[in-house]
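A closer look at the structure
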Amino acid sequence: MGDGQLRFAHRIRVGLAATATTTALAATLLTATPAGAAEPVVPDTPTDLTVSPTPQNGTDASFCGWIGDTYSIALTARLTIADSPDGERGLAEGIFRLQDTSVPGSEPVEFVSSSLPTGYTARFAAGSLIDGHTYSWTVQARSARGGALSETVAGCSFGVDKKAPGVTVTSTDWTANGDGPKTAGQSGVIRVQAAPGSEAEIRCFRIAVSQSPVGEPCTATPDASGGYDYRFTPRDAGSYVLNVQAVDHAGNIGSASYTFFAPPRGSLPSDHCSVIGDHRLCGPLLDRYNQLKSTDRYFPAPGSDVLDAPDGNGKFVGLTDGSVLLWSQATGAHLVAARPWAVWWGAQSGGKNAFGYPTEDIPTYSTTGYAPFEHGAVYWNPSDPNAPTHFLNGPSFDRIRYVNSATYADAPAQDTALMPDGVGQRTVFKDYTVFWHPSTYAVKVYNPLVKDVEALGGVGGWLGYPTYDDFSTQSGRIQGFQARQVYWSPETGAHTVFGGIGARWDFPNNDAKLGLPISEESDLGDGTGRKQTFAKGTITWSAKSGAHIVTGDIATAWGAAPAAYGAAVTDELVAPDGVGRYQVFERVRFYWTPTTGAHELHGGILDKWWQYGGERGFLGYPTTNEGSIGNGRYNDFERGGIYWSASTGAHELHGGIRQRWLELGGPGGLGFPVTDELGTADGRGRYVVFERGSIFWTATTGAVEIYGGINDAWASQGWNSGPLGYPTRGEYSIPGGRRADFEHGYITWTAAGGKTEIHYA
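Cut-off values and rules
Residues numbered from 1 in each chain as written. Predicted model: local features only at pLDDT ≥ 70, side-chain atom pairs only at ≥ 80, totals over all residues. Heavy atoms only, no water. pLDDT = per-residue confidence, 0-100. Contact = heavy atoms within 4.5 Å. Pairing = 2+ DSSP bridges. Helix = DSSP H or I, 4+ residues; strand = E, 2+ residues; numbered from the N terminus. Axes fitted to C-alpha atoms, helices over the stretch in contact; angles between N-to-C directions. Disulfide = S-S within 2.5 Å. Buried < 20%, exposed > 50% of the residue type's maximum accessible area, 1.4 Å probe, protein only. Core = buried A, V, L, I, M, F, W, Y, C linked by side-chain atoms within 4.5 Å. Salt bridge = Lys/Arg side-chain N within 4 Å of Asp/Glu carboxyl O.

1. A short note on the confidence of the model for the chain
Confidence in the prediction for the chain averages 84 pLDDT; 87% of positions are at 70 or higher. Note that residues 1–38 has pLDDT below 50 and, in this model, 71 contacts with residues that lie over four places away or in other chains. pLDDT under 50 marks residues 84–89. Its contacts with residues more than four places away, or in other chains, come to 15 contacts.

2. Remarks on the sheet that holds strand β45 (residues 649–653)
Taken together, four strands build an open sheet; the order of strands is β42-β43-β44-β45 and the sheet is antiparallel. Of all strands in the sheet, those with a lone pairing partner are β42 (627–629) and β45, marking the two edges. Taking the axes of each pair of neighbouring strands and ignoring which way they run, one obtains an average angle of 30° across the sheet. As defined by bridge partners, β42 adjoins strand β43 (residues 632–637) across three bridges and the pair is classed as antiparallel. When the sheet's bridge partners are listed, I629 is paired in β43 with G632. Against the sheet, helix α11 (residues 655–663) engages β42, β43, β44 (640–645) and β45, with an angle of about 55° to β44.

3. Focus on unusual backbone geometry
With omega at 0°, the peptide bond leading from S52 into P53 counts as cis. Among the structural elements, P53 can be located in the loop between β1 (47–52) and β2 (56–60). Of note in this structure, D48 is not a glycine but carries a positive phi near 55°. For N57, which is not glycine, the phi dihedral falls at a positive 60°.

4. Notes on the state of the cysteines
One pass over the structure, following the stated rule, counts three disulfides. The partner cysteine of C273 in its disulfide is C282, sulfur to sulfur 1.9 Å. Where C273 bonds to C282 through sulfur, the torsion about that S-S bond is close to 110°, and the disulfide is right-handed. Here C273 falls in the partly exposed class, since its relative accessible area comes to 26%. Disulfide partners in the chain, listed by the sequence order of the bonded cysteines, are 1-2, 3-4, 5-6.

5. A word on the sheet that holds strand β14 (residues 227–232)
The three strands lie next to each other as β11-β12-β14, forming an open sheet whose pairing is antiparallel. Two strands lie at the open edges of the sheet, namely β11 (167–170) and β14, each paired on one side alone. Each adjacent strand pair in this sheet contributes to an overall mean axis angle of 20°, direction not counted. Pairing analysis gives six bridges linking strand β12 (residues 188–194) to β14, with the strands arranged antiparallel. Opposite R191, over in β14, you have D229 as the bridge partner.

6. Focus: the nonpolar core
Here is a general trend for soluble globular proteins: nonpolar side chains tend to be buried in one another's company. Ranked by internal contacts, the top residues of the largest apolar core, which has 21 residues, are I73, L75, F96, L98, L129, W137 and F158. When contributions to this core are tallied by element, the ones reaching two or more residues are β4 (72–78), β5 (91–100), β8 (119–125), β9 (134–143) and β10 (153–160). For this core, the element with the highest residue contribution is β9, accounting for four residues. With 19 residues, the next largest nonpolar core counts I190, I202, F205 and A256 among its residues.

7. Remarks on the pattern of salt bridges
Close approach of charged atoms allows side chains of opposite charge to pair. Under the counting rule described, the total for this entry stands at 18 salt bridges. A salt bridge links D361 to R288; the nearest nitrogen and oxygen atoms lie 1.9 Å apart. One end of the pair, D361, is in the loop between α3 (338–346) and β23 (370–372); the other, R288, is in helix α2 (residues 283–295), and 73 residues separate them in sequence. Judged by relative accessible area, D361 falls into the partly exposed class, the value being 23%. A salt bridge links R660 to E705; its shortest N-O distance comes to 2.8 Å. Residue R660 is located in helix α11, and its partner E705 is located in strand β49 (residues 702–706); the two are separated by 45 residues in the primary sequence. Judged by its relative accessible area of 4%, E705 is buried. Each of R191, D223 and D229 takes part in salt bridges that share partners, so that together they form one network.

This is the structure:
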């Protein structure tokens, strides 16, 4: 500090140049400032090295296995520094080095880590790694004090395989047009085969008929040629779809499907016939008519002979009330009431039977309003002939046939309709909608979720189609789509979570802690970070700091200016005193206690606070955020304050001296402090030097300011060690000048000549 910093050029009420005595005092005070940082401490050897997602099918301890197509890869290690006097603050960062071992002589890429409760993590985009290459990695810990490095520890290497395996499905027993040797009720083989080049990579197959194989056990193990013979026996005649997922050594999934037709088992016998009224009935149709007539004397008479069904696979007899007896080899003979029969007949087109045949009687007096067929159902309102009749068939019917109760109340609210893309289908029910697409099959989605997904572009938009039925969690519902998962509740709406933020959320492990998202991921505002808000907190992410959870009062305080504070560098941590909590962000730190709330510290004020012991020091926790005062900055603490300006740096004030300084106008009065509070040589008093004066304190005199010419005169007689002792009253007006009182006298100053005079008691 130079002479100019202590010149009393801008005096209170009157100006007078500072003397060399005042400059000497300031130099003495600065010399007494506490010492700086402690000696460097070497961090402990890193432990608990892991890779995420977990590589699969490793060969030994040195090669973890393969990682498939994924968004990001994380390297994690536990880093500690047992002997640091600063606890957690003694550890600055972890240094991760990743090397492509498939390229001889390649240079390792270095990542500077961020801290999580489980360790230090380096996260990078999987797209930056080369498909088919293997990678090794190491980690070191670096101390915040002096930059000392730990030993280097190597993690297990891993390979990257991003390509989905190819798979084909064929069969000679079951063909697309049903001209194979097998019929309904017979067992046949369908060959699932790895595509050339994928034979050695496929670990297993998931196989399902007429539904999605997602979630099915992966138990079909390929044979030596990379294939598997799947044996299937269709119960009924009709079309079937075999869906296959091939899972390779890295967890990648390849899909294929095979559509085939199982022909009917036989035709209606003609050696067992009888004429009833004017019409001839045969075989099962005759038997079923006689059974129904025997139990109902008013049962209608036949209105036709036995006729061929439009698809050529069944027979029917019309009855005089409009109903029919309908038969197929697979289902037998059943009564079908007039209204469902009309719908069934109208659905026959070009020899194709979209519904199949009835699986039970559907009498005219039915009160359920539900007519089940092999591949579909007809719904009508038995009590209202004018109510609309709905039909349901295809994938939507296959999806809900075993979970819906069979009544008109469960009818679709709308018939199956094409989606805007012209490929997918949608069937709306009272409480849910079934969506179907060739790549996802038929999936149920809760209707309120469907509505809220419209804000994200709707089903079939950039999210794609649903891939599995939604399911409930502690906080709401989850629905998988082709692009991302959607998380929903009535309170939060529908939102997606993905990438680094999604990995940190680690659903469902943090469901109770954070709840569901209430917003989409968005820019932090600083051009580098990202954030996403959840019901009970926020997750921030940046390439430099990774992803971290911010909750409670700290989240509220941080949310006031996220662009200024930056992304979180750590999760919330317990302060060394065991009372408070704190969290590190890219440009500030927030500290919290139940009594003080959450407040930020940074820069020179933070450094000064640490110098005095931080939360365990006499100042205690911050009670304000950093704010403006004069041309500088300040933070209040439980037992004092720290004040900073560009010319003076950061200095602490507390107790009576701080109170008196504020009474005099703070920086507008004596200016900013140029020293911290220090003790006098005699042990009686305390003092602080400011830009334009000083304040001295003792238990008997309190805090008293002194400046200008009176200060110079007091300095000339030896400061507080001189005959006058300590000041007892600050400078005040007298006729023609100013006066300040001391323990053993007083000093006056006259305005006319600028003369000072010492008066001893």
